[in-house]
Amino acid sequence: MKASRGALLAAAGLAALILPGGPVEAQTKLCTVSGRVVEATTGKPVAGLKAMLLVAKGNARDVRQVTTNASGAFSTKAAMGSSVALYFVPGGADGSGAVLLDEEWMATWRPKEVKVAKDVTLKETVKTVPTRAVTLTILDPSGKPAARARVMAGRSAAQAGADGKALIRAPASSKGAEAVVMSADQTMGVYTRLDPGKTAATLKLARPETVSGTLMGSDGKPAAGVKLQVMPIVDGQPLYQLMGAGCTTDEHGRFEMKGFGIPTYALYWDKSEGFKRGEATVTLADRNTLAPATVQRAVYDPQLFAGSVCRTPETKVQQASCFALDADDNLLVSDEAGMRILKVSQDDKLMASWKLDFAPQALDIRQDGSIIVGGNGKVAILDANGTMQAAGAVPGKRAVSAVAHTGDDVFVCSYGDAGFAVYRMKDDLKDPKRIISNLSGCCGQMDIRAHGKYLYAAENTRFSIGKYDLGGKKVADFVHNDAKKNDYYGEGCCEPKNICFAPDGTILTAASGQMEVKRYDSNGKFLGAVAKLPDADGSCVRVTLGVSRDGSRVYILDTSTNTVRLLKQTAR
């Protein structure tokens, strides 16, 4: 399942990038970006392969779709000085593409990005899967065509037309193929297995049924209170499109979900108090019951939490979403579920608790001790005693991923119409102005920090940090995550997730995969590893990073245990 999950995360990152954005401004000088794609095994050209080209220059971005011709070639135009990122699509988005990509190739997915200073010619190699065309006729329960029904068959996808017909590509193997169909309103569905050689099938939608499962501890006792993500597996692929809101096991280790007769499911659970992170592939033992799965219980060495906060009954939070350090190195921790902010000393003593009328998702502290808080479409400023001083609205009333400040300027990052957007406002929190658009981030995370006269964004799906002036103009782009370099983040799907500045002006970045922290100079030169959590397990979560005023203490947010962890730093 590990390779499949890597492909899943890659696809999720791709989905964040192909949202439509503002077009790159027309330039007097245009360059040709062309390429040719060949098959890794045969060396022959790959025709009919779709790709997304993300063209960016400054704040302007344009997303284009290209398809390789009979010679495996594609071409587009891009302004001189822009960057072009190339992303291959696993299968034809409309089901008509003739190419499916190999699972092994998808598991090593990384974006290909080039700087355009002149005409550019790329040579790309992919691994493909032989396919066959299958036409599906989809009907609603009354027997009428189910227009706009969505079909998912492994890496192939399609949408039914007004006549209820959809075309997919199935692997041309002797094992047959699987497909699941969902109605346009997602209320009905159907699963089918396509026999080898079959080129057409008629399917009728039906209402979902309740499917239950059980999670047991490694000691044979029910695993209660474990939060699960459940995804159906079709043709060996977990369908992230059908991932529900998640479920939690009860005192008997039991959980429930809705199903459409799909026989195999992937269960994922992150590390939590008392349990290790894990995953399992389970199948239906009967029509409505999954075979039991096992979770490993964990007993953590208390020394792993030495110096960490939010560990006592008084300081414990329900859902830690962010933290920040004040001028005295006390920690302010946002409890999103508890709709409050806790002020906690370094030795984990509760100093104050401030209730809010919204769920806090992001924090920043100004030099005068006032606190900028963002969350649930709102932004507010509290004084050092937790009293509300100003409040404002985030455009679109969207969730907030980060807040930052410099002087009396306040910056708020939230999810926009196309990726993440950054808004600038004064400390009265009125008249927000969007200065940056279409930032690319996954896992609901896009961190920003202000330092001096610049704003920095950890654009994690592009594996980089962008440096902007306070008007939103990009002036630099660095810290690219390269598997061949020492600053590679390993298991993280899209890194780095968070950034902060040490007292000496160096940049610290944090990754969620292995909860690693690395150091760079102000120009993005890698200076070395700082630390990582010894009990990190690869969970893809929101992280936050903080440094004490003298640089001797580095903290990282551990959402799996809802604590702020003190890292043991590597000697510099």
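Remember, predicted model here, so these are calculated numbers, not experimental data.

Caption draft 1: Structural view of the overall build of the protein chain. When helices and strands are tallied, the protein chain shows two helices and 48 strands. Nonlocal contacts in the protein chain, meaning residues at least 24 apart in sequence, comprise 56% of its contacts between residues at least 6 apart. Just so you have it, the protein chain exposes about 24,200 Å², and 50% of that area is on carbon and sulfur atoms.

Caption draft 2: Molecular detail of the sheet that holds strand S42 (residues 498-501). If you walk across this open sheet you meet the four strands as S42-S43-S44-S45, and the pairing is antiparallel. Single-partner strands in this sheet number two, and they are S42 and strand S45 (526-532). Going across the sheet, the axis of each strand differs from the next one's by a mean of 25°, ignoring polarity. Direction of pairing for strand S44 (residues 516-520) relative to S45: antiparallel, over a ladder of five bridges. Across the sheet, Val517 pairs through a bridge with Ala531, a residue of S45.

Caption draft 3: Looking closely at the nonpolar core. Among the nonpolar cores identified, the biggest contains 27 residues, and Leu215, Leu228, Val230 and Trp269 are the most heavily contacted of them. Looking at this core, the elements that each hand over two or more residues are strand S14 (177-182), strand S17 (209-217), strand S18 (227-234), strand S21 (254-259), strand S22 (264-269), strand S23 (278-286) and strand S25 (293-295). Counting 23 residues, the second-largest nonpolar core is a separate cluster that includes Cys31, Val84, Trp105 and Met106.

Caption draft 4: Inspection of the sheet that holds strand S16 (residues 200-204) at higher detail. If you walk across this open sheet you meet the three strands as S13-S10-S16, and the pairing is mixed. Both edges of this open sheet fall to strand S13 (165-171) and S16, since each of them pairs with a single strand only. Pairwise comparison of adjacent strand axes, ignoring direction, gives a mean angle of 35° for this sheet. Note: strand S10 (residues 131-139) against S13, seven bridges, orientation antiparallel. The partner of Arg132 across the bridge, within S13, is Ala170.

Caption draft 5: Spotlight on the packing of aromatic side chains. Counted according to the given criterion, the structure contains three aromatic pairs. The positively charged end of Arg311 is found above the aromatic ring belonging to Phe305, 3.9 Å away from the centroid. Across from the ring centre of Phe305, 4.0 Å away, lies the NZ or CZ of Arg565, which sits over that ring.

Caption draft 6: Main features of the side chain of Ser548. Looking at the element boundaries, Ser548 is found in the loop between strand S46 (545-547) and strand S47 (554-558). On the basis of relative accessibility, which here comes to 2%, the residue Ser548 falls in the buried class. A polar contact of 3.3 Å, which involves the side chain of Ser548, links it to the backbone nitrogen of Ser552. Excluding its chain neighbours within four sequence positions, the residues that come into contact with Ser548 are Leu325, Asp329, Pro503 and Arg553.

Caption draft 7: Region of the structure containing the pattern of salt bridges. All chains considered together, the criterion is met by 20 salt bridges. Residues Asp335 and Arg340 are paired through a salt bridge, measuring 3.1 Å at the closest nitrogen-oxygen approach. Look at Asp335 and you get buried, because its relative accessible area is 0%. A salt bridge links Lys349 to Asp347; its shortest N-O distance comes to 3.8 Å. One salt-bridge network, in which partners are shared between bridges, spans Glu113, Glu459, Arg462, Lys474 and Asp477.

Caption draft 8: Quick look at the pairing of strand S33 (residues 388-393). Pairing of strand S32 (residues 378-382) with S33 involves five bridges; the strand directions are antiparallel. Paired with Ala380 across the strands is Ala391, a residue of S33. The hairpin turn running from S32 into S33, its antiparallel successor, is five residues long, and Gly386 in that turn takes a positive phi close to 85°.

Caption draft 9: Representation of unusual backbone geometry. At the junction of Glu495 and Pro496, the peptide bond is cis and its omega measures out at -5° in the coordinates. Tracing the sequence through the fold places Pro496 in the loop between strand S41 (474-478) and S42. In this structure, Asn438 is a non-glycine residue whose phi angle is positive, near 65°. Among the structural elements, Asn438 can be located in strand S37 (residues 433-439). Note on Asn438: relative accessible area 12%, which makes it buried. One non-glycine residue with positive phi stands out, namely Met515, at about 50°. By the element assignment, Met515 lies in the loop between strand S43 (507-510) and S44.

Caption draft 10: Just the side chain of Asn460, in detail. With respect to the helices and strands, Asn460 occurs in the loop between strand S39 (454-459) and strand S40 (464-469). Not counting the four nearest positions on each side in its chain, Asn460 is found in contact with Ser440, Gly441, Cys442, Gln445, Met446, Cys494, Glu495, Pro496 and Lys497.

Caption draft 11: Molecular detail of the environment of Tyr265. With respect to the element layout, Tyr265 can be found in strand S22. For Tyr265 and Met231, which are 34 residues apart along the polypeptide, the C-alpha to C-alpha distance reads 5.6 Å. Filtering out sequence-adjacent residues up to four positions away, Tyr265 remains in contact with Val230, Met231, Pro232, Ile233, Met257, Gly259, Phe260, Ala280, Thr281, Val282 and Leu290. Separated by 3.1 Å, the side chain of Tyr265 and the backbone oxygen of Ile262 make a polar contact.

Caption draft 12: Spotlight on the environment of Val181. Within the secondary structure, Val181 sits in strand S14. With 23 residues separating them along the chain, Val181 and Lys204 place their C-alpha atoms 9.3 Å apart. Residues contacting Val181, with those up to four places away along its chain left out, are Ile138, Ala149, Arg150, Val151, Met188, Gly189, Val190, Leu203 and Leu205.

Caption draft 13: Local environment of the pairing of S14. Across the six residues of S14, six count as buried, placing the element largely inside the fold. Across the two faces of S14 the burial is the same, with Ala177, Ala179 and Val181 and Glu178, Val180 and Met182 all buried. Bridge analysis of S14 against strand S15 (residues 189-194) gives six bridges, and the strand direction is antiparallel. Following the sheet pairing, Ala179 is matched in S15 by Thr192.

Conventions adopted
Residues numbered from 1 in each chain as written. Predicted model: local features only at pLDDT ≥ 70, side-chain atom pairs only at ≥ 80, totals over all residues. Heavy atoms only, no water. Helix = DSSP H or I, 4+ residues; strand = E, 2+ residues; numbered from the N terminus. Contact = heavy atoms within 4.5 Å. Areas by Shrake-Rupley, 256 points an atom, 1.4 Å probe, with all protein chains shown as cover. Pairing = 2+ DSSP bridges. Axes fitted to C-alpha atoms, helices over the stretch in contact; angles between N-to-C directions. Core = buried A, V, L, I, M, F, W, Y, C linked by side-chain atoms within 4.5 Å. Buried < 20%, exposed > 50% of the residue type's maximum accessible area, 1.4 Å probe, protein only. Phe/Tyr/Trp six-rings, centres within 6.5 Å; stacked < 30°, edge-to-face > 60°. Lys NZ or Arg CZ within 6 Å of the ring centre and 35° of its normal. Polar contact = N/O pair within 3.5 Å; in protein donor to acceptor, adjacent residues only side chain to side chain. Salt bridge = Lys/Arg side-chain N within 4 Å of Asp/Glu carboxyl O.

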